[in-house]
Amino acid sequence: MKETTFPRVAALTLEQMVQRSHKKELRNAFLLLLLTAGIVHHWYQRFFPQYPWYGLIGFAIALLWLWLQSDLPQGVPVDNAPKDQLGEYTPEQIKQLVAEVCRSYKEHEIPNIYIIDTMEGQAAVVNVDGLNFIKPWNAVYLSPYILYNLDPDELKSVLAHEMCHFSKHYTIWDRFFYIKIPIFAFWIMALLNYPIDWFYNWVQGETRGFWYYVWWVIALSFFSFVWKVVMFLVSIVATLIVRGDEQAIESLCDYEASKRYGVLPTVNALLKIGSRQEIINAVVAQFSPHETKPETSQTELEASLHPAKESTEGASESDQEVKIKHVDHTKKAEDEEVSLEFNRMAAMRIALTELENLLTPKFISLEEAQDIIEAAVQKGLEETTAQRYQHKKRKLLRWQAFDNIFVNQKLEAEEYTNFIDALKSNPSKPLFYLAEEIDEEVADEDVHPPLSKRILFLEYNREHGALSL
Ligand SMILES: [Zn+2]
């Protein structure tokens, strides 16, 4: 949201920005469908008459692969969820709260409610147009931490944020994700048909058959060149799909929640969710040399392993030996780096599983969780050869310090005022030990604005009379 003065911006301004993005998205969706229709037509003309089945099988493989990649939350219907995942609530109470929030949006489609078994403070929503009768596609997802620690007003506020996505601000490609997947699959399949065609012409007279096709698809997938082309096509589709106003939408949904249930419940819900996430982050950061970007992506890893290739042109004969030695050394360093990275990720996973075992769904602050964090980290270190990274101790702005008039793990009006004053006068102090709070670059890339900015946006709109506590 670089073009606005976020978080000091009126909700109306964000609303207008989102409307513009929506129009752009509609136009691009039309363009993408047109492009895909062109590809389908081309494929049909060029490849279908010769070998229709291999193309269609390729399409099915690509579709399945993409489908498995699309990570819809996995949940249990609230009626079947274990009682100890629902906190103080009964399934009926949760359904009533969801229905009440839906009514406030004049939404007649009531989502199914699922409980996701995770230690995180999570709430999510899925709304699929056209195929909404398929049960998990018309749903709101809640984690036990949310149900254990949010009072009814805070829970309604979280639900209102989610229903805002459901009813008002939901992107076309999320609403029609089941169309997005076949489009991608078709692009990939049409692309793979070319090398297969070359191969066919090359092995004239040889055994041709389905297994040759499969063999080729597998062999091709090992060529980084093929992946580069696929990624290039994916990036074209991505530019047509990405809206770029995700952070504005998130803040607008906070705004809608605050409009219905007040700024205080919304802020308190955000604070409690942040407190859980920073415990998880504290474990992750221990296994990472880069404190705020712990999960090295595959491409970043490759980039770090293959620094710009040195030019070998003009090397004299006598340099040859030196060069070979150098290559050997690089190879060894690469292997070491790969195993280091492998160990690091394994240790992180083991530690997070242990954290999940040790952490109860009840609220606990980062400071109180130190022993648990340490135990989880130790487990990761014991079971792998990964090393531990020490990061400098961060000075954080602790919201709990303001929960001091009526101590109940949430801020009342007066406490909130003191907290907001501190937040405004300490812009460099992170509110949570979270990457997006510490690192501006991470914050820009995230779908959600940092929690401190989400809170300051609500406060700005409250000060200007658009919201009340
Ligand atoms: Zn959201």
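Keep in mind the model is a prediction, meaning the values are calculated, not measured. (Residues numbered from 1 in each chain as written. Predicted model: local features only at pLDDT ≥ 70, side-chain atom pairs only at ≥ 80, totals over all residues.)

Asker: Where do I start with the sheet that holds strand β1 (residues 76-77) in this structure?
Answerer: Backbone hydrogen bonds hold the strands of a sheet together, and the pairing may be parallel or antiparallel. Within the open sheet, the four strands sit side by side as β1-β2-β4-β3. Their pairing is mixed. What marks the edges here is a single partner per strand, and that holds for β1 and β3 (123-127). Note that β1 and strand β2 (residues 112-115) share two bridges and pair antiparallel. Paired with Pro77 across the strands is Tyr114, a residue of β2. Contacts from helix α5 (residues 152-167) reach β3 and β4 (138-142), with the element oriented near 25 degrees to β3. (Pairing = 2+ DSSP bridges. Helix = DSSP H or I, 4+ residues; strand = E, 2+ residues; numbered from the N terminus. Contact = placed C-beta atoms within 7 Å. Axes fitted to C-alpha atoms, helices over the stretch in contact; angles between N-to-C directions.)

Asker: Is there a simple way to explain the nonpolar core in this structure?
Answerer: Burial of nonpolar side chains together is a common tendency in soluble globular proteins. Core analysis: the biggest nonpolar cluster contains 83 residues, and Val140, Leu142, Ile146, Leu159, Val267, Val283 and Ala351 have the highest contact counts within it. When residues of this core are assigned to their parent elements, the largest contribution, twelve residues, is made by helix α11 (residues 263-285). A domain split of this core shows at least three residues from each of domain 1 (11-70 + 176-241) and domain 2 (76-174). When residues no more than four places from it in sequence are discounted, the contact partners of Leu159 are Leu97, Val98, Val101 and Val140. In this structure, Ile188, Met189, Ala190 and Leu192 belong to the second largest nonpolar core, which totals eleven residues. (Core = buried A, V, L, I, M, F, W, Y, C linked by C-beta atoms within 7 Å. Buried ≥ 20, exposed ≤ 12 C-beta atoms within 10 Å, placed from the backbone. Domains from an automatic or database assignment.)

Asker: It is not clear to me how unusual backbone geometry should be interpreted in this structure. Could you clarify?
Answerer: If a residue is not glycine, its phi is most likely negative; likewise, a peptide bond is most likely trans. Geometrically, the link from Phe6 to Pro7 is a cis peptide bond, its omega value of 5 degrees lying close to zero. Positive phi, close to 55 degrees, is recorded for Lys106, a residue that is not glycine. Relative to the assigned elements, Lys106 resides in the loop between α3 (91-104) and β2. For Lys106, a count of 7 C-beta atoms within 10 Å translates into the label exposed. Even without being glycine, Gln409 reaches a positive phi, approximately 60 degrees. Tracing the backbone through its elements, the reader meets Gln409 in the loop between α14 (370-382) and α15 (413-425).

Asker: Please clarify how the environment of Phe48 should be interpreted in this entry.
Answerer: Checked against the element boundaries, Phe48 lands in the loop between α1 (11-46) and α2 (52-69). When residues no more than four places from it in sequence are discounted, the contact partners of Phe48 are Trp43 and Gly55.

Asker: How should the environment of Arg276 be read in this particular structure?
Answerer: Structurally, Arg276 can be placed in helix α11. Considered as a pair, Arg276 and Phe432 are 156 residues apart in the sequence and their alpha carbons are 9.8 Å apart. When sequence neighbours within four positions are dropped, the list of residues in contact with Arg276 reads Glu120, Gly121 and Tyr145.

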